[in-house]
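Structure at a glance
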Amino acid sequence: MPGRAALLVLALGLAATAQKSTLTLDPPWSIVFKGESVTLTCSTSHPPGRRFTWYRNNKVFRSTEINSLKIKYAQEDDAGRYQCQASVFRRSDPVQLTISNDWLILQVPYYGVFEGDPLCLRCYGWKGARVSGIRYYRDGADVTPSHVNSELSIKQARTHDSGKYQCTGSMRTTVMVTKVNSPTVSISVQELFSTPVLRAAGSGDPIEGSSVTLSCVTQLNPQKSDTPLQRFFYKDSRVLGEPRSSPDYHIPVAGLQDSGSYHCEVQTVTSSVWKQSPKLKIAVKRIPASQVSLEVQPLGGQVTEGEWLMLNCSVSMGTGPITFSWHREGARQAMRTETRSSQRMVYEIPAATETDTGEYYCMASNGNAPAPSPRVKVAVKVPVSPPHLTISAAGSWAAIGDVVVIQCESPRGSAPILYQFHHEGATLGNRTVSSRGPGSLALNVTSERDSGTYSCEADNGMASGPQHSDSFHLSVLVPVSGATIATDRMGPEVVAGESLNLSCLVESGTAPLFKWLHNAQELAAASGLDPPIAVGNMLHFWSVQLGHGGNYQCIASNQLSPQRVFQAPSEILAITVIEHASARVVVPVTVSILFLFLMGVTAALVFYFKCWKKAEGMVFNALGRDTWLPVQQEPPGQRLPPPGSLGLHAEEPSYSNVCPLEPESGDVEYTVVNIKKRSGDKPKGTLPRDNEEYYVSYSVLPDPKPTWESAAGARAPEGKSRPDSDIYENVPHL
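Worth saying up front: this structure is predicted, and the values here are computed from it rather than measured. (Residues numbered from 1 in each chain as written. Predicted model: local features only at pLDDT ≥ 70, side-chain atom pairs only at ≥ 80, totals over all residues. Heavy atoms only, no water.)

Notes on the pairing of strand β29 (residues 309-317)
Burial analysis of β29 places seven of its nine residues in the buried class, which makes it a mostly covered element. Looking at chain direction, strand β27 (residues 290-297) and β29 are connected through seven bridges and run antiparallel. In the strand pairing of β29, Leu294 is matched with Cys313. (Buried < 20%, exposed > 50% of the residue type's maximum accessible area, 1.4 Å probe, protein only. Helix = DSSP H or I, 4+ residues; strand = E, 2+ residues; numbered from the N terminus. Pairing = 2+ DSSP bridges.)

Written out as structure tokens, the structure is:
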């Protein structure tokens, strides 16, 4: 018995030596404020004994008989790397303790964090002070959750959660509330176990009938060596059986069905961490070559033009080199023939075209008669191209009541093609075309709401998706209707000389144009009157004349084309122009004055002929003027320009010579030239404006000229002499 007891003690001692002590902190943070307390606990998986040694920075600083050590009122010199050792157990892993004197710290766990472990961070203020507006950052990026408090919790940590963390918040410092940043803390999430690798026992592909063993190999982190793991095995992405703790999967007898792509997956029992191995291909050799099949990629034989077309020929049984050949129905020769030690082989067409459409089959032989595969149909589909949208409208306009045909057609694309029509983003309708040709949609234009942007899309179910046409903007023209004419007067009578406005209104119509008729004639055809001014739908008379009276009508119009013109005539509006009351008194007086004026003109003409001879050789000056005009010398042989060159008729000017007060003197003072304007003149009775232009003609003295000395001496001021020349005075029409 004593011998057995000694052996038991020795065994326990060896087991204890192989294990480590475990050091924990309470509270479980690696950083605390100065003045706070921290309790260190040393624990083991077996009864630890009665002696505990404590290390700080690899140096023994205390020894106790209990497994806990409390640091009260921690100071900055208490910071360091702590370890403990219980009796015969190995020293624990180090734990870093930091003592902070900052306003705000980010507290992180003192222990190592592994994949799948929960990770909790706490933003903690000096002596528990309240912190508001807390934000968390990892490597400078904001990682604050939507609902944040003083702690940031990650339920299952991943390696990508590693980084440098920091928190910020607002808190009251000595005198005010301010934003404070915590020091940066590094967190490293360690890998729990390595990525698994799937291996097959033996070398090369297994032969039909042999056994195959697959091993899923992974490595646990030494600190987590006691973590239980389970493994799943997959073949062609299908799970094989239940999860197992063993790393091996056995196939007792390999057959055709065992060829494929294998991989395994390792995960923890709680499924908090799982990892997948790379795929491993296994091909079992078969005897003889039989049960040949042809598989098309993409599946179903539906290939998009330009994509890879793969014809995979395989056999269910057969060993040794197998000769494969690929054939197209109707062709005399094989497209390709190749021998390979494999149960399958692929014939590839890098870029399929429409001409590759047809039926295919393959044949396999390992020395026996070739075994054919079933026929497989291959259809090469052409993706639909962007369609063209056409609208049967004049330009980009249509009128209400028109039926507009909208056509959508893709230049390329395999049928059937579904055409969908849109107006301002809303779907109008669908048309399916089973062969080449456009899809069309008839649109009844009923209102201006049919204006807008039209487009269409084409889709034949290909992966490229629907193709969209360019947009087309259709404008709807509303034909004019319901034209009415109105005046700004209360009644149909207008007093001559007053202004008048007529307006033309329409009930409906797009951008109407307006034409005005006076007594069934266009206004431009009337003559002898000041024409009114037409602006938009308004006709304005600055000063109504008697001749402006009559029947007025407006015609509103718009058009789609010169062949499609819409008009809406208004009713006839009768306008009566009456004379002003003072005009009735002025007329008799005007007739009398005109009679006297004509008599005066006759007398003046008689007097003019009497004075003409005397006027030759005299000096002309304007009566009552104080300044001399420049001397005007008439060039020899010069003639006056014809009246037409001044824009006047030859009969329009009237001339009259005004003689001096003393007819015996024979002097001619000046010549008045009256010029009447033509069609642009104002109505009678209208006063001229200051800036109006008048045409003035010079009077000419005929040759030969008489002696001027006597006349010049008589007219010149004292002490001055005049040059012997002809003097002219320009007199504007008053």
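Structure shown, so let's carry the discussion forward.
Points about the pattern of salt bridges
Taken as a whole, this structure holds 13 salt bridges when the rule is applied. Residue Lys275 is joined to Glu191 by a salt bridge in which the shortest nitrogen-to-oxygen separation is 2.9 Å. Of this pair, Lys275 sits in strand β25 (residues 274-276) while Glu191 sits in the loop between β18 (189-190) and β19 (197-200), and the two are 84 residues apart along the sequence. With relative accessibility at 11%, the residue Lys275 sits in the buried group. Accessibility expressed as a relative area gives 38% for Glu191, which makes it partly exposed. Between Arg564 and Asp402 there is a salt bridge, with its nearest N and O atoms 3.0 Å apart. Highlighted residues: Arg564 in strand β53 (residues 564-569) and Asp402 in the loop between β37 (397-399) and β38 (403-409), separated in sequence by 162 residues. Through salt bridges with shared partners, a single network forms among Glu115, Glu191 and Lys275. (Salt bridge = Lys/Arg side-chain N within 4 Å of Asp/Glu carboxyl O.)

Let's talk about the nonpolar core
Core analysis: the largest hydrophobic core is formed by 23 residues, its most contacted members being Leu294, Leu309, Leu311, Phe324, Trp326 and Val378. For this core, the secondary structure elements donating two or more residues are β27, β29, β30 (322-328), β32 (344-349), β33 (358-365) and β35 (376-381). Per-element accounting of this core gives the leading share, four residues, to β29. (Core = buried A, V, L, I, M, F, W, Y, C linked by side-chain atoms within 4.5 Å.)

Notes on the state of the cysteines
Overall, the coordinates contain six disulfides when judged by the stated rule. Here Cys408 connects covalently by a disulfide to Cys456, the sulfurs 2.0 Å from one another. Across the S-S bond of Cys408 and Cys456 the torsion is about 75 degrees, and the bridge reads as right-handed. On the criterion of sequence distance, the pair formed by Cys408 in strand β38 and Cys456 in strand β42 (residues 452-459) is long-range, its members being 48 residues apart. Accessibility expressed as a relative area gives 0% for Cys408, which makes it buried. In this model Cys504 forms its disulfide with Cys554; the gap between the sulfur atoms is 2.0 Å. Taking the sign of the S-S torsion, 65 degrees for the link of Cys504 and Cys554, the bridge is right-handed. With Cys504 in strand β47 (residues 500-505) and Cys554 in strand β52 (residues 550-561), this residue pair connects regions lying 50 residues apart in the sequence. With a relative accessible area of 1%, Cys504 lands in the buried category. The connectivity of the disulfides in the chain is 1-2, 3-4, 5-6, 7-8, 9-10, 11-12, where the numbers refer to bonded cysteines in sequence order. (Disulfide = S-S within 2.5 Å.)

What about unusual backbone geometry?
Backbone torsion omega between Asp26 and Pro27 reads 5 degrees, so that peptide bond is classified as cis. By the element assignment, Pro27 lies in the loop between β1 (22-26) and β2 (31-33). The omega angle of the peptide bond from Ala415 to Pro416 is 0 degrees, so this bond is cis rather than trans. You can see Pro416 is positioned in the loop between β38 and β39 (417-423). One non-glycine residue, Asn57, adopts positive backbone phi at about 55 degrees. Along the chain, Asn57 turns up in the loop between β4 (52-56) and β5 (59-64).

A word on the side chain of Asp402
Given the relative accessible area of 16%, Asp402 is considered buried. In this structure the side chain of Asp402 is engaged in a polar contact, spanning 2.9 Å, whose partner is the backbone nitrogen of Ala399. A polar contact is formed between the side chain of Asp402 and the side chain of Arg564, at a distance of 3.0 Å. Those residues in contact with Asp402, other than ones at most four positions away along the chain, are Leu443, Asn444, Val445, Leu560 and Arg564. (Polar contact = N/O pair within 3.5 Å; in protein donor to acceptor, adjacent residues only side chain to side chain. Contact = heavy atoms within 4.5 Å.)

As for the sheet that holds strand β45 (residues 484-487)
Strands sit in the order β45-β47-β51-β50 across an open sheet of four strands; the sheet is antiparallel. At either margin of the open sheet sits one strand with a lone partner, and together these are β45 and β50 (533-535). In this sheet, adjacent strand axes meet at a mean angle of 20 degrees when their direction is disregarded. Of the pairings in the sheet, the one linking β47 to strand β51 (residues 538-541) comprises four bridges and is antiparallel in character. Within β51, the residue paired with Ser503 across the bridge is Met538. (Axes fitted to C-alpha atoms, helices over the stretch in contact; angles between N-to-C directions.)

Regarding the environment of Asn221
By secondary structure assignment, the location of Asn221 is in the loop between β20 (212-217) and β21 (229-235). Judged by its relative accessible area of 15%, Asn221 falls in the buried class. Considered as a pair, Asn221 and Phe193 are 28 residues apart in the sequence and their alpha carbons are 5.6 Å apart. Each residue touching Asn221, except ones within four places of it in the same chain, is listed here: Phe114, Gln190, Glu191 and Leu192.

Some points on the confidence of the model for the chain
Residue-level pLDDT values for the chain average 78, and 75% of them are 70 or greater. Residue range residues 1-17 is modelled with pLDDT below 50. Its contacts to residues more than four positions away, or to other chains, number five contacts. Every residue in residues 611-734 scores below 50 in pLDDT, and together they form 139 contacts with partners more than four places removed in sequence or on other chains. (pLDDT = per-residue confidence, 0-100.)

Thoughts on the sheet that holds strand β14 (residues 151-154)
Taken in spatial order, the three strands of this open sheet run β9-β11-β14, and their pairing is antiparallel. Each edge of the open sheet carries a strand with a single partner, namely β9 (104-107) and β14. Strand after strand, the sheet turns through a mean of 10 degrees between neighbouring axes, direction not considered. Pairing of strand β11 (residues 119-125) with β14 involves four bridges; the strand directions are antiparallel. Paired with Arg122 across the bridge in β14 is Glu151.

Quick word on the packing of aromatic side chains
Taken as a whole, this structure holds eight aromatic pairs when the rule is applied. Counting every residue linked through ring pairs, the aromatic cluster contains Phe33, Tyr124 and Trp126. Above the face of the Tyr124 ring, Arg122 is positioned so that its terminal group lies 4.1 Å from the ring centre. (Phe/Tyr/Trp six-rings, centres within 6.5 Å; stacked < 30°, edge-to-face > 60°. Lys NZ or Arg CZ within 6 Å of the ring centre and 35° of its normal.)

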